[in-house]
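Examination of the molecular architecture
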Amino acid sequence: MDSETGGEASKARLRVALLPGDGIGPEVTAQAVKVMKAAASAEGVSVVFNQMPIGGEAIEQTGEPIPERVLAGCQRSDAVFLGAVGGPRWNNLPRAKRPETGLLALRQELGLWANLRPVKMYDPLANASPLRPESLGHGVDMMVVRELSGGLYYGRPSECREEGNGRVAVDTMWYTSRQIERVVRLAFTLAQERRGHLLSVDKANVLSCSRLWREIVDGVVSDYPGVRAEHMYVDAAAAELVLRPHRFDVVVTENMFGDILSDLGGALVGSLGLLPSASLGDDGRGLFEPVHGSAPSLAGQDKANPLGAILSAALLFRYSLPDGRGAGAADRIDCAVLQVLRDGYRTLDLEVSGGRIVGTRAMGDLVVEAIDGGMRNEK
Ligand code: IPM
Ligand code: MN
């Protein structure tokens, strides 16, 4: 935190690097920005945004998916907020020039290794879940902890080459024990703060990385009394998530499995458009982004659900402003979202009978109004 006026602790100022990106990224980011401003002003916090290009937008401007100066701008900020990257226009570029490579480089350069993806069923949205009420049980409230620095995303070699009379493609799953242990310990700590259950997901019947993963989980479990740890293969975990989602609390897994299972989690609670995420590392500067992608087919039509981005803004305050005001701003956003859903407002992805369908912008406005209304009630 940066206090400009001679140690006057009451003037918190948060510098946020803003990377709207591609597709629906700019639309959902604009709503998150409105909401951040409203929540910050309610807490007496000032937020300064520094907007920069990433992904396809950056490729168009500079030829690179993440220019040096953008990386440097992110390093200088207190937190990074990102919309989404990617689109059909850039799908045939070589890997180093793809929009997604910009995001992966950003995660790596910022030293981010834990991606927290809370998956929560909102009561007013129970009928938007594809599951029958009896499968939903007493609701869904889990934290997917996705390892973000290793696995197939960063292992080398990763290439496609000519060999004999055909082409061969190779990707490498790579993990060090250090990478595994730090994320597993974080997941155990979260389980201690939550309902005391940790599910570690792997494919230890096939993969070496998974066997190391399992060994490390078993090696640290005794450091976390009160946490019940369980292992499950990823295929079984996918089925179990659909059959009995209510029994999951904290789920910890490697990079690619976490990517896949968190989309499944989004579908369970009604829409991937609802899920936020926080990516954290050692130095306190996090990256906050909705779990969904750039959804090119929805772009520019005011149809996208901005709640994943708005809830990511809540996580930004919670993790980047570690005093009462950060938690206060985050709580204001979370409460406002719940209220808007209770009032029956829905974006198209959540269309069910009885909901009032609104566009991206209107949904953002409703959340801002709910924050402002909450503030008036305090006075
Ligand atoms: C996500 C996305 C990214 C990932 C892509 C865009 C590289 O799917 O954040 O879940 O796979 O990590
Ligand atoms: Mn994904």
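Computed from a predicted model, the values in this text were never measured in an experiment.

All right, on to unusual backbone geometry then. Following R156, the chain continues to P157 via a peptide bond in cis, the omega torsion being 5 degrees. Positionally, P157 belongs in strand β6 (residues 155-163). For A295, which is not glycine, the phi dihedral falls at a positive 35 degrees. Relative to the elements of secondary structure, A295 occurs in the loop between β12 (286-290) and α10 (307-320). Under the relative-accessibility criterion, A295 is labelled partly exposed at 27%. The phi dihedral of D302 falls on the positive side, at around 60 degrees, and the residue is not glycine. Relative to the helices and strands, D302 resides in the loop between β12 and α10. Taking relative accessible area as the criterion, D302 reaches 26% and is therefore assigned partly exposed.

As a further point, take empty space enclosed by the protein. Leftover empty space is mapped by rolling, across the atoms, a probe with the size of a water molecule. For the coordinates displayed, the defined rule picks out one cavity of 30 Å³ or more. The computed volume of the largest cavity comes to approximately 40 Å³. Lining of the largest cavity is provided by M173, Y175, V201, D202, C209, S210, W213, T253, E254 and F257. Contributions of two or more residues to the lining of the largest cavity are made by β8 (197-202) and α7 (208-220). Take the lining of the largest cavity: its biggest share by element is three residues, from α7. Residues of the lining of the largest cavity, tallied by class, amount to six nonpolar, two polar and two charged.

Our focus in this paragraph is the site of ligand 1. In the region of ligand 1, the neighbouring residues are E100, R107, R117, R146, Y153 and D259. In the complex, the protein chains occlude 79% of the 320 Å² of accessible area that ligand 1 would expose alone. Here ligand 1 is seated within the second largest pocket.

On to the layout of surface pockets, then. Roughly 580 Å³ of volume is contained in the largest pocket. Elements with a contribution of two residues or more to the lining of the largest pocket: β4 (112-120), β5 (141-147), α6 (177-193), α10 and α11 (324-342). With five residues, the single largest contributor to the lining of the largest pocket is α10. Looking at the lining of the largest pocket residue by residue, the classes come out as 16 nonpolar, no polar and eight charged. Each pocket or cavity is described by its volume, and for the second largest pocket that value is around 430 Å³. Taken together, 22 residues line the second largest pocket, and the ones lying closest to its centre are E100, L103, R107, D259 and V291. Of all the elements in the fold, those that place two or more residues in the lining of the second largest pocket are β3 (79-84), α4 (99-109), α9 (255-268) and β12. When residues in the lining of the second largest pocket are grouped by element, the largest group, four residues, is from α4. In terms of residue class, the lining of the second largest pocket is made up of nine nonpolar, six polar and seven charged.

Turning our attention to the side chain of D78. With respect to the helices, strands and loops of the structure, D78 is situated in the loop between α3 (68-75) and β3. Only 2.7 Å separates the side chain of D78 from the backbone nitrogen of R15, close enough to count as a polar contact. Among residues more than four places away in sequence, those in contact with D78 are R13, L14, R15, G284, R285, G286 and S320.

Mapped onto the fold, N115 is located in strand β4. Exposure remark for N115: the relative accessible area of 1% places this residue in the buried category. One polar contact links N115 to S279, side chain to side chain, over a distance of 3.1 Å.

Time to look at the packing of aromatic side chains. Within this structure, the stated rule accounts for two aromatic pairs. Pairing F188 with Y224 gives two aromatic rings, centres 4.7 Å apart and planes at 10 degrees, and the pair type is stacked. You can see F188 sitting in helix α6 and its partner Y224 sitting in the loop between α7 and β9 (228-233), a full 36 residues away along the chain. For F188, a relative accessible area of 0% translates into the label buried. The exposure class of Y224 is buried, given its relative accessible area of 9%. Lying across the ring of F248, R247 places its NZ or CZ 5.9 Å from the centre.

Here V119 shows up in strand β4. Each C-alpha atom of the pair V119 and G265 lies 6.1 Å from the other, and the pair is 146 residues apart in sequence.

Turning our eyes to something else, we now look at the sheet that holds β3. Within a beta sheet, neighbouring strands are joined by backbone hydrogen bonds and run either parallel or antiparallel to one another. A sheet is described by the order of its strands in space; here ten strands give the open sequence β2-β1-β3-β12-β11-β4-β5-β10-β8-β9, paired in mixed fashion. Sheet topology places β2 (45-51) and β9 at the edges, where each strand pairs with a single neighbour. Strand-to-strand twist of the sheet, defined as the mean angle between neighbouring strand axes without regard to direction, takes the value 25 degrees. Sitting on the sheet, helix α1 (residues 25-42) touches β1 (12-21), β2 and β3, and the angle it makes with β3 is about 145 degrees.

Reading the values: rules and limits
- Residues numbered from 1 in each chain as written.
- Chains lettered and ligands numbered in written order.
- Predicted model: local features only at pLDDT ≥ 70, side-chain atom pairs only at ≥ 80, totals over all residues.
- Heavy atoms only, no water.
- Helix = DSSP H or I, 4+ residues; strand = E, 2+ residues; numbered from the N terminus.
- Buried < 20%, exposed > 50% of the residue type's maximum accessible area, 1.4 Å probe, protein only.
- 1 Å grid on protein atoms, 1.4 Å probe; cavity = no way out; pocket = protein on both sides within 12 Å on 5 of 7 lines; lining within 4 Å.
- Points joined across faces, edges and corners; volume = space filled by probe spheres on them.
- Nonpolar A, V, L, I, M, F, W, Y, C, P; charged D, E, K, R; others polar.
- Near = heavy atom within 4 Å.
- Areas by Shrake-Rupley, 256 points an atom, 1.4 Å probe, with all protein chains shown as cover.
- Sits in = over half its atoms within 2 Å of the grid points.
- Polar contact = N/O pair within 3.5 Å; in protein donor to acceptor, adjacent residues only side chain to side chain.
- Contact = heavy atoms within 4.5 Å.
- Phe/Tyr/Trp six-rings, centres within 6.5 Å; stacked < 30°, edge-to-face > 60°.
- Lys NZ or Arg CZ within 6 Å of the ring centre and 35° of its normal.
- Pairing = 2+ DSSP bridges.
- Axes fitted to C-alpha atoms, helices over the stretch in contact; angles between N-to-C directions.

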